[in-house]
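Architecture and fold: a report
For reference, the chains in residue letters:
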Amino acid sequence: MMENQAEEILQNAQLIQEDEAPEILADLKGYQVTKAELFSHNREPAITIWDTRIKFNMACLRKFPGATHIQILIHPEQKRLIIRPCDPEAPDSLRWATGGGEKELKNRDLLCRLFAAKIFDLMDWDKQYRYKLLGKPAIYDNEILFLFKLTDFELFIIGGKRR
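Read on for an overview of the structure. (Residues numbered from 1 in each chain as written. Predicted model: local features only at pLDDT ≥ 70, side-chain atom pairs only at ≥ 80, totals over all residues. Heavy atoms only, no water.)

**Points about the side chain of Thr-68**
Position of Thr-68 among the secondary structure elements: in the loop between α2 (58–63) and β3 (69–75). Taking the relative accessible area as the measure of exposure, Thr-68 reaches 13% and is therefore buried. (Helix = DSSP H or I, 4+ residues; strand = E, 2+ residues; numbered from the N terminus. Buried < 20%, exposed > 50% of the residue type's maximum accessible area, 1.4 Å probe, protein only.)

Okay, structure coming up:
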């Protein structure tokens, strides 16, 4: 279904025509690339990992409409994590959202002291921080998944409650 939507979008896409010719730059000396972590990523699929729990943001849930359960796959050597939606009865399925059916899906904390400890150990992360990873879509065997590289993270100091 999503593959057909993507094909339709690509087929109907049109290039934007500019009336004015683009300015040609001689060099980029003096310019600096801005760091992505300086910008909000709340519309991009992300997972936040604490030392005792994990949480997927709402953008993740919206990428898998109606999916209340996922499976988490981890590749310790490549230091990658994959999520894929699954049936609630599937082996090792995790309820990553509350609601479903008539109710709107909402993200929830997944308490996982042992799993989080293994991730922190694998990555040699400091428990006084939380780590946010942005996800990228991936396809395996015509199945849409989300891939998170454990090496690409934003670091946050664990503090008091947010206002």
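**A closer look at the pairing of strand β2 (residues 53–56)**
The side-chain alternation of β2 yields one buried face, formed by Ile-54 and Phe-56, and one unburied face, formed by Arg-53 and Lys-55. Counted between consecutive antiparallel strands, the loop separating strand β1 (residues 46–49) from β2 contains three residues. Where β2 lies against strand β8 (residues 109–111), three bridges are found, and the strand directions are antiparallel. By the bridge assignment, Lys-55 is partnered in β8 with Asp-109. (Pairing = 2+ DSSP bridges.)

**Regarding the packing of aromatic side chains**
All chains considered together, the criterion is met by nine aromatic pairs. Taking the centre distance of 5.6 Å and the plane angle of 80 degrees together, the rings of Phe-64 and Phe-146 count as edge-to-face. Taken together, the positions of Phe-64 in the loop between α2 and β3 and Phe-146 in strand β10 (residues 143–149) put the pair 82 residues apart, joining distant regions of the chain. For the pair Phe-64 and Phe-146, one class covers both residues: buried. Taking the centre distance of 4.0 Å and the plane angle of 10 degrees together, the rings of Trp-125 and Tyr-131 count as stacked. Residue classification places Tyr-131 among the buried positions, given a relative accessible area of 4%. An aromatic cluster is present here, built from Phe-56, Phe-64, Trp-96, Phe-146 and Phe-148 joined pairwise through their rings. For Arg-53, the ring lying beneath its charged end belongs to Trp-50, and the centroid distance is 3.7 Å. The positively charged end of Arg-130 is found above the aromatic ring belonging to Phe-156, 4.5 Å away from the centroid. (Phe/Tyr/Trp six-rings, centres within 6.5 Å; stacked < 30°, edge-to-face > 60°. Lys NZ or Arg CZ within 6 Å of the ring centre and 35° of its normal.)

All quantities given are derived from atomic positions and should not be read as evidence of function.
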